[in-house]
Amino acid sequence: MGAAFRLAVNASLLAVTLVLPSTALSAGALNVDARAYTCSQISQIIRQNKKVFVRSGFGGSSFRYPPAKCGLGYARTTASFRDKTGSQCVLDYACTYDGGSFYNNP
């Protein structure tokens, strides 16, 4: 009974250990509506969440913080949009598709 119990506990610990990192890594980007926040609030949200998609109008921009974490095939650039007060926000850590990247060429 003792050996079977230890085996079951070890198996459940192994399962939890394998599942937790994959769920943390699979978390998608946080969606933020640019018209619901001010520029400084959006900057703070990006710094806190590390991976954010800011919706502005029909489209939007993907942001990662710090900027060095843009994925392969993406380039760091600036993005501008209007916030809830109508002010123009310019953020310099947007990750945009880079058509000239080695990773995006067939």
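It should be noted that the structure appears before, not after, this text.
The notes below deal with the structure included here. These numbers come from a predicted model, not from an experiment.

Side note on the environment of G86
Move 1: Examined against the element boundaries, G86 turns out to sit in the loop between β4 (74–82) and β5 (88–97).
Move 2: Along the sequence, G86 and R35 sit 51 residues apart, while their C-alpha atoms lie 8.0 Å from each other.

Quick word on the sheet that holds β4
Move 1: The five strands are arranged β1-β2-β3-β5-β4 in an open sheet whose pairing can be described as mixed. Each having just a single partner strand, β1 (30–33) and β4 make up the two edges of the open sheet. With strand direction ignored, the average angle separating the axes of adjacent strands in the sheet is 40°.
Move 2: Inspection of the sheet shows strand β3 (residues 59–64) paired to β5 by two bridges, in the antiparallel sense. Among the inter-strand pairings, F63 is bridged to a residue of β5, identified as A94.
Move 3: Together, β1, β2 (51–56), β3, β4 and β5 form the strand contacts of helix α2 (residues 39–49), whose direction differs from that of β5 by roughly 35°.

Description of a nonpolar patch on the surface
Move 1: A cluster of nonpolar side chains, L72, F102 and Y103, forms an exposed patch at the surface whose accessible area comes to about 430 Å².
Move 2: Relative to the helices and strands, Y103 is located in the segment after β5.

Definitions and limits used
- Residues numbered from 1 in each chain as written.
- Predicted model: local features only at pLDDT ≥ 70, side-chain atom pairs only at ≥ 80, totals over all residues.
- Heavy atoms only, no water.
- Helix = DSSP H or I, 4+ residues; strand = E, 2+ residues; numbered from the N terminus.
- Pairing = 2+ DSSP bridges.
- Axes fitted to C-alpha atoms, helices over the stretch in contact; angles between N-to-C directions.
- Contact = heavy atoms within 4.5 Å.
- Patch = residues over 30% accessible without salt bridge, like charges linked within 9 Å, V, L, I, M, F, W, Y side chains within 5 Å.
- Areas by Shrake-Rupley, 256 points an atom, 1.4 Å probe, with all protein chains shown as cover.
- Salt bridge = Lys/Arg side-chain N within 4 Å of Asp/Glu carboxyl O.

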